[in-house]
Amino acid sequence: MKLPTMQDVPDHPQHLQTSGIFTPEVIEDIQVKAELGRYRIRGFGTLRERRWATFDDLTFIPCTLTRIPLEGYRERCSTKTTLGTRFAKKPVELDIPVMITGMSWGALSYHAKVALAKGAAMVGSSNTTGDGGMLMAERESSRTLVYEVLPSRYGIDVHHLKMADAIELTIGQGAKPGTGGLLLGSKVSDTIARQRDLPIGVDQRSPARHPDFLGPDDMIIKIEELREATEWKVPLFVKMGATRVFDDVKLAAKAGADVIVVDGMEGGTGASVDICQEHTGIPTLAAMCEARAALEDVKLYGEVQLIIAGGIRNGVDAAKAMALGADAVYIGTAALISLNCNKPLHVEDYRKLGTEPYHCHHCHTGRCPVGITTQDPELMKRLDIEEGAHRVANLLKAMTSEIQVLARACGKANVHDLEPEDLRALTLEASMVCGIPLAGTNRVFGGGPGWSERHAPPGER
Amino acid sequence: MVEIDGEGRTTREINSAVQEAVSHGADDIRVRNTGGRHNLGVAILRPVRLTLDGSVGYYCAGLSDGPSVEVSGSAGWGLAESMMNGMITVRGHAGNGAGAAMRGGIIVVHGDAAARAGVSMKGGTILIGGNCGYMAGFMAQKGVLVVCGDTGEAFADSMYEAACFVGGKIGELGNDAVIEKPSPDDLELLESLLSKHFGRKLKNLKARLRAFQKVVAGRKLWNFDKREWKTWKEAL
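Remember, predicted model here, so these are calculated numbers, not experimental data. Counting restarts for each chain, with residues numbered from 1 along the sequence as it is written. In the order they appear in the text, chains get letters beginning with A and ligands get numbers beginning with 1. Only residues with pLDDT of at least 70 get local features here, since the model is predicted, and only at 80 or more are side-chain atom pairs given and counted; chain-wide, interface and lining totals rely on the full set of residues. Side-chain measures here rest on the full set of heavy atoms in the structure, leaving out hydrogens and waters.

Draft legend 1. Representation of the overall build of chain A within the structure. Numbering goes from the N terminus for both helices and strands, where a helix is a DSSP run of H or I of at least four residues and a strand is a run of E of at least two. The number of helices and strands found in chain A is 16 helices and 16 strands. Here chain A has a C-alpha radius of gyration of 24 Å; the compact-globule value for 461 residues is 23 Å, and the two agree. Based on the C-alpha atoms only, the size of chain A along its principal axes is roughly 95 × 60 × 45 Å. Expressed as a percentage of the 461 residues in chain A, the buried residues total 59%. Within chain A, counting contacts between residues at least 6 apart in sequence, those at least 24 apart form 65% of the total. For chain A, the computed accessible surface area is about 19,300 Å², with 54% contributed by carbon and sulfur atoms. Within chain A, one finds 52 positive and 59 negative side-chain charges whose respective centroids are separated by 2 Å. Radius of gyration here is computed from C-alpha atoms only, and the compact-globule reference equals 2.2 Å multiplied by the residue count raised to the power 0.38. Buried residues are those whose accessible area, probed at 1.4 Å on protein chains only, stays under 20% of the maximum for their type, while exposed residues exceed 50% and partly exposed ones sit between those limits. Contacts are residue-level and defined by heavy atoms, with any inter-residue pair within 4.5 Å sufficient. For accessible areas, the Shrake-Rupley method is used with a probe of radius 1.4 Å. Any residue's cover is judged against the shown protein chains and nothing else. A residue counts as positive if it is Lys or Arg and as negative if it is Asp or Glu; His and the chain ends are not included. Just so you know, the charge point we use is NZ for Lys, CZ for Arg, CG for Asp and CD for Glu.

Draft legend 2. A look at the packing of aromatic side chains. All names here are of chain A. Stacked, edge-to-face and tilted are the three classes for Phe, Tyr and Trp ring pairs, Trp counted by its six-membered ring, which pair at centre distances within 6.5 Å; planes under 30 degrees apart are stacked, over 60 edge-to-face, the rest tilted. Scanning all chains against the criterion turns up five aromatic pairs over all chains. Where Phe-87 meets Trp-232, the ring centres are 6.5 Å apart and the plane angle is 90°; that geometry is what we call edge-to-face. Pair noted here: Phe-87 is in the loop between β3 (81-83) and β4 (92-94) and Trp-232 is in the loop between α6 (216-229) and β11 (236-241), with a separation of 145 residues, a long-range link. Looking at Trp-232, the relative accessible area reads 24%, which means it is partly exposed.

Draft legend 3. Examining the pairing of strand β15 (residues 328-331) of chain A more closely. Residue and element names in this part refer to chain A. Of the two faces of β15, both are covered, the one formed by Ala-328 and Tyr-330 as well as the one formed by Val-329 and Ile-331. Strands are labelled as partners when DSSP assigns at least two bridges between them. Both strand β5 (residues 98-100) and β15 contribute to a ladder of three bridges, which runs parallel. In the strand pairing of β15, Val-98 is matched with Val-329. In terms of strand pairing, strand β14 (residues 305-309) meets β15 through two bridges, oriented parallel.

Draft legend 4. Structural detail: the interface of chain B and chain A. Taken together, the contact pairs 41 residues of chain B with 44 residues of chain A. Across the interface of chain B and chain A, roughly 3,700 Å² is buried in total on both sides, 56% from carbon and sulfur atoms. Here a salt bridge means any side-chain nitrogen of Lys or Arg lying within 4 Å of a carboxyl oxygen belonging to Asp or Glu. On the surface where chain B and chain A come into contact, there are five salt bridges. Linking Lys142(B) and Asp197(A) is a salt bridge whose minimum nitrogen-to-oxygen distance equals 3.4 Å. N or O atoms closer than or at 3.5 Å make up a polar contact, with two conditions inside protein: a donor-capable atom paired with an acceptor-capable one, and, for residues adjacent in sequence, both atoms drawn from side chains. There are 20 residue pairs in polar contact (both at pLDDT 80 or more) connecting chain B and chain A. Of all the secondary-structure elements, those providing two or more residues to the side of chain B that touches chain A are α1 (11-23) and α4 (229-235) of chain B. By the convention adopted, Pro, Cys, Tyr, Trp, Phe, Met, Ile, Leu, Val and Ala count as nonpolar, Lys, Arg, Asp and Glu as charged, and the other residues, Gly among them, as polar. Tallied by class, residues from the side of chain B that touches chain A come to 21 nonpolar, eleven polar and nine charged. Simply put, the buried area is the total loss of 1.4 Å probe accessible area from both parts when two parts are fitted together.

Draft legend 5. Fine view of the sheet that holds strand β12 (residues 259-263) of chain A. Residues and elements named next belong to chain A. Judged by pairing direction, the sheet is parallel, and its eight strands sit side by side in the order β5-β15-β14-β12-β11-β8-β7-β6 without closing on themselves. Lying at the two open borders of the sheet, with one neighbouring strand each, are β5 and β6 (126-128). Along the sheet, successive strands turn relative to each other by an average axial angle of 25°, direction set aside. Two strands pair when backbone bridges link them, and strand β8 (residues 166-170) and β11 are joined in this way by four bridges, in the parallel orientation. Within β11, the residue paired with Thr-170 across the bridge is Lys-239. Convention adopted: a line fitted to C-alpha atoms gives each axis, helices being fitted over their contacting stretch, and angles between N-to-C directions are expressed from 0 to 180 degrees. In this fold helix α2 (residues 110-122) packs onto β5 and β6, with an angle of close to 155° to the strand it touches most, β6.

Draft legend 6. Focus on the packing of helix α9 (residues 284-297) of chain A against helix α10 (residues 315-324) of chain A. Residue and element names in this part refer to chain A. Where α9 contacts α10, the axes come no closer than 9 Å and their chain directions differ by 25°. By the angle class used here, α9 and α10 are roughly parallel. Note that α9 runs across α10; the crossing there is right-handed. In contact with Leu-285, Met-288, Cys-289 and Arg-292 of α9, α10 contributes Ala-321, Ala-323 and Leu-324. Its residues assigned to classes, the contact of α9 with α10 comprises six nonpolar, no polar and one charged. Oblique is the label for every angle not falling under 35 degrees (roughly parallel), over 145 degrees (roughly antiparallel), or within 65 to 115 degrees (roughly perpendicular). Handedness of a helix crossing follows the sense of rotation of the near helix relative to the far helix, less than a right angle counterclockwise being left-handed and clockwise being right-handed.

Here it is as C-alpha cells:
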C-alpha cells in the first residue's frame, strides 16, 4: 500500500486565516519601519476604534412630567459664553460656546488660517494662533483671537501678545502630550522658515518643554510675567494634554490660570509620532470628568472656566461636555473637515498619497489635496477663503443649534445650565468614569476622584 | 531721571510706575531696592534707560523691545526672554535660560550664566563674561552666543543657524555641534563686542581673541536620515 505524501493532503481552506497578533496592519507597520529606521510620523490624531468610554456612551434624559421643556424652536436659550472672570480686567465674551482651537500657520495654509478666523468671527466665536506665531491677516479677520505661547516660541512677538484678546500658555497637546510638534521639511517653505527663524526645508521638531520654566511653581511666575506684559487685561488660559488631569488642573488653577483647557487623547495634530497619537494620554470624556472634579476639589469650579477639547465632532459631544461641566469646547479637526478635509474632490491627488477621501490622515506630507494642510501655493488655491469661512460659520451655527435643541428639551433657557443630572450612562464604563447613574438604575458605578461624593444620587454616595 | 523705590511695593506697583514714567516720556528711570522681585521691567517697548539697583528674579526685562536695562546685582531665570530689541546688562550672574527665545538685541552678563543660556534663541547676541552651565545654546536657531570662560556639558546641542564662540574650555559638545575656525569677520565681531563691553577689564585682548573657538551646527539633525543613526539615536 502506498502511504499518502504531503502533496496528497488537501490544503485548500475555505477561509483565509489571519493572525490575531500579526495582522496585515502590524505586518505592514513592521515592514515600513524596517525601511524607515525610525518611528513613523503622520497627522490627524488617533485612528483606533474607540473601545473606551466616550460621549456616545451617555444619553440625555429630557423633560417629561417631572420637568417642563422649552419650546424647541422658539423660546430663548442663551448661548453667551464668558471666559476669564477670575483675574482678567476684560474677560472674553463670545456669542457661542464652540471655539476654534490653536492650529499653526505652517501646519495649516494661509488660506485655512484666514478662513477659520473669518468663519469664527461671523458667528461671534474665537480662534487661536498656534505654533508659529500670529499671522496679521488672521488678527485682522478675527473677532476674538487667542494668542498661544508655546514651548517653541516660534514667532513670539510682544507686540502680537499685546494685540491678543486672550493668552493661552500651552503645556501640551492631547494628541501627543509630553512631546513637541513636528513640521516636516516639505512644509517649511521660505515664508514659514522666515516666520519661525528656521532654515528652509528642515524637518523641524518643536521643543516639548518651555525654555524658561519647568514645573508648576515656575509657571506661577511665568503667568505673572504674561499678565504684567498685558497689564492684567486679558484672560490667561493654560492648555494641557490630558494625562494626570486631576492633579494638573489643580496645579494650573493654583498657578493663576483664568481658564483651563484640557485636550483629550482624541485630539488631532498636523504631524506627530504615530505611537504617541495611539498610545498616550487619556480619553476626552475621562479628562472632562477629572478636570471638573479637580476644580471642585479646590473650590474653584465656576471661578476658573473649563474648555474641553479632543475629538469634539458635533453639538451633541459639546452639549454632553457642557453638561459634565465644560464652559466651552474647542474644535479643530471638525473645523478642518468643514473646510473640505477628506471630501471627495481631486481624488487623484488623494491616491497619489496612497489614500482615499474619508481616510486621509496625510497632513504631515504637506500635499493636502484640498489646500488646508499645505504650503504649496497651487494646492492652497483650492481652498477659497470666503467660501471656506462660510462653511466654518455654518458648522459653528449648526453645532450651537444642536446644543440649544438639547438644552431646551432639558428645560434649560441657557446652554450653560446643562448639568450631570440631565445625563444617564449607557454603559457601565461610562457610569464608572462619569459618576453618572447607569440608565435603568439609580446607581453610580465607580466615579472619578472626588466625583461620586458630589454627583451620585442621595443614598448612593 | 525718575526714581522709584521698590521697598514695600509689589511687582505690579513697580512695573506700573515704570510704565507710567515711560508713557510720560521719561528716558532715564531708576528702581531702588529691587529686592530680587520677579518680572521687573517686563514688556518695555521704548528705548528708555532703566537701572535696577540690586538683584532681580525671573524674567527681568522679558518680552521687551528697545530698552537699555542695567541690573547692578544678579538676575534669575529667563533674563530678557523673548526680547525683540534692546540692551540688557547684568553686573553679577544670570540664572538658567538667559536670553531664552530672544529675537534681537544684546544681553551682557559680566559674571557667569547658569544652564541653557540662549536656549531656542532666534536672533540677537548674548555675551557672557564668565563661564556658563550645561546646555548653553540648546536648539539655538539664529544669533550669536559668546562665552568668554568655560562651558558646561552638552554645549550648543541641536542648533540651527546660531553661532557660538568660547574663549575657555568646552566642557563637552552637544549633539550635532562642531568646532570651526573663526573667520576674520568672526574675529572682528568678537573684538568689537569684547572691547565695547568688557574693554576696561580685558588685558591682552588680541591674545585672548586667538583662543576663541567657534561652534556651529553640523546640520546632521536638520533632516531625518537613517544613515546618520549614530547621531539620531541620541536626538530622536
